[in-house]
Amino acid sequence: MRLTLLYVLLSLTVAVPALAAGCPTPRNMGFHVERQVPRDAIGFTEGLEVHDGSLYESTGDYFGDSRINRIDLKTGKVTTLLNAGKDYFGEGLTFFGNRVYQMTWREHQVFVFDRDMRRLETLTNPREGWGLTHDTTRLIASDGSDRLFFIAPSDFHTIGSVLVRRENNSVSNLNELEYVRGSIYANVYETWQIVRISPRTGCVEAQANLENLRNQMSEADRHRVDFDENFVLNGIAYDPAGARFILTGKYWPMLFVGSFEED
């Protein structure tokens with residue numbers, strides 16, 4: 001009996017380091033820009049998603065109003081579908097089924113619209129609202145921490161969560177999200193980084209430093225982006241039809257269309 005107990009204790013002792021092991025070293029990615037799309041109206045981008053071939057954007061009310069916009073990817077024309085003014089600070093946006101979900105930042109509200117942007121209901125988010133995306137069955141949200149949360153679309157209750165780690169270190173300030181081919185792409189707020197995360201393990205699989213985007217802006221556009229420290233990289237959308245990503249930032253006057261390529 002004692003020998004059996006001793007064997008079990010030794011087994012657990014050996015197993016602990018394996019469970020605590022860090023994630024593999026992330027691969028490095030670059031972003032190949034194919035074209036820029038100048039916008040005819042700018043917004044404080046918080047959510048960005050392609051749906052049925054159109055690009056949709058949720059904006060916060062910093063230097064403007066909280067809106068839901070549709071942006072023409074060929075011309076850059078911005079059409080406002082909903083303007084909430086200063087009533088709340090708009091954040092992450094995603095389409096799931098026949099519904100559109102828009103989170104708010106600190107108001108703990110999630111607005112659910114139909115495709116004509118008529119409000120159907122208001123759900124409650126127990127955390128701050130930052131980024132929002134979805135896989136085939138769940139919504140996936142960030143709150144600016146080092147965790148991603150899996151959410152039931154019916155009532156926004158939390159199904160589960162995962163700690164995001166880069167090797168042995170957690171990664172906080174996770175912001176705008178995009179689910180693509182089984183992985184989650186996330187902006188790391190106030191940096192030039194985008195990380196690709198495994199939703200199963202939380203490990204950062206790959207990472208991209210996108211400071212080169214600033215070098216590809218015109219001098220006038222760089223001046224606009226540098227005007228305020230809040231005008232940071234934020235906004236990841238994926239167009240499955242063209243297998244291309246669309247990237248932008250808060251109050252940036254352009255969109256970047258292109259692809260991630262691993263080194």
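Here the residue index of a chain counts from 1 through its sequence in written order. Only residues with pLDDT of at least 70 are given local features in this predicted model, and only at 80 or more are side-chain atom pairs given and counted; all residues enter the totals for whole chains, interfaces and linings. Side-chain measures were taken over the full set of non-hydrogen atoms in the model, leaving aside hydrogen atoms and water.

### As for the state of the cysteines
For the record, the criterion: A pair of sulfur atoms, both from cysteines and within 2.5 Å, is called a disulfide here. Helical segments are the DSSP runs of H or I of at least four residues, strand segments are the runs of E of at least two, and each set is numbered from the N terminus. Residue exposure (1.4 Å probe, protein chains only): buried if accessible area is under 20% of the type maximum, exposed if over 50%, otherwise partly exposed.
Scanning all chains against the criterion turns up one disulfide. A sulfur-sulfur distance of 2.0 Å marks the disulfide that ties Cys23 to Cys203. Here the S-S torsion is close to -75 degrees, and the disulfide linking Cys23 with Cys203 is therefore left-handed. Of this pair, Cys23 sits in the loop between α1 (2-19) and β1 (27-38) while Cys203 sits in the loop between β18 (193-197) and β19 (204-209); the two residues are 180 residues apart in sequence, bridging distant segments of the chain. Taken individually, Cys23 and Cys203 each receive the classification buried, so the pair is uniform in this respect.

### Observations concerning the sheet that holds strand β12 (residues 147-151)
Inclusion rule: Strand pairing requires that DSSP identify at least two bridges connecting the strands. Between N-to-C directions, angles span 0 to 180 degrees; the directions come from axes that are lines fitted to C-alpha atoms, helices contributing only their stretch in contact.
Taken in spatial order, the four strands of this open sheet run β10-β11-β12-β13, and their pairing is antiparallel. Unpaired on one side and paired on the other, β10 (132-134) and β13 (158-163) mark the two borders of the sheet. Mean inter-strand twist for the sheet, computed between neighbouring axes without regard to direction, equals 25 degrees. In this structure, strand β11 (residues 139-142) lies alongside β12, joined through four bridges in antiparallel fashion.

### Description of the packing of aromatic side chains
Threshold: For Phe, Tyr and Trp, where Trp contributes only its six-membered ring, two rings pair if their centres lie within 6.5 Å, and the inter-plane angle classes them as stacked under 30 degrees, edge-to-face over 60, or tilted in between. Should the NZ of a Lys or the CZ of an Arg lie within 6 Å of a ring centre and within 35 degrees of the ring normal, that charge is described as sitting over the ring.
Applying the stated criterion to the full structure yields 21 aromatic pairs. Measuring from ring centre to ring centre gives 5.5 Å for Trp130 and Tyr189, while their planes differ by 85 degrees; the resulting arrangement is edge-to-face. Placement of the pair is Trp130 in the loop between β9 (119-124) and β10 and Tyr189 in the loop between β17 (183-188) and β18, with a sequence separation of 59 residues. According to the relative accessible area criterion, Tyr189 is buried, its value standing at 18%. In this structure an aromatic cluster arises from ring pairing among Phe44, Tyr62, Phe63, Phe89, Trp105, Phe227, Phe231 and Tyr251. Across from the ring centre of Phe150, 4.1 Å away, lies the NZ or CZ of Arg138, which sits over that ring.

### Side note on the nonpolar core
Put simply, the rule reads: Side-chain atoms within 4.5 Å link the members of a nonpolar core, which is a set of buried Ala, Val, Leu, Ile, Met, Phe, Trp, Tyr and Cys residues. Whether two residues are in contact is decided by their heavy atoms, any of which lying within 4.5 Å being enough.
Phe31, Leu213 and Phe260 are the most contacted members of the largest nonpolar core, which totals 21 residues. Sequence-distant contacts of Phe260, that is, excluding residues within four places in its chain, are made with Met29, Gly30, Phe31, Tyr185, Ile194, Ala208, Phe245 and Leu247.

### Examining the sheet that holds strand β3 (residues 54-59)
Two pairing modes exist for strands in a sheet, parallel and antiparallel, and in both the strands are linked by backbone hydrogen bonds. Strand order across the open sheet formed by four strands is β2-β3-β4-β5, with antiparallel pairing between neighbours. In this open sheet, the two edge strands, each paired with only one partner strand, are β2 (45-51) and β5 (78-85). Neighbour-to-neighbour, the strand axes of the sheet open up by a mean angle of 15 degrees, direction not taken into account. Pairing geometry for β2 and β3, over six bridges, is antiparallel. Along β3, the bridge assignment pairs Thr45 with Thr59.

### Overview of unusual backbone geometry
Non-glycine residue Asp52 carries a positive phi angle of around 50 degrees. Residue classification places Asp52 among the exposed residues on the basis of a relative accessible area of 64%. One non-glycine residue, Glu167, adopts positive backbone phi at about 55 degrees. Within the fold, Glu167 resides in the loop between β14 (165-166) and β15 (169-170).

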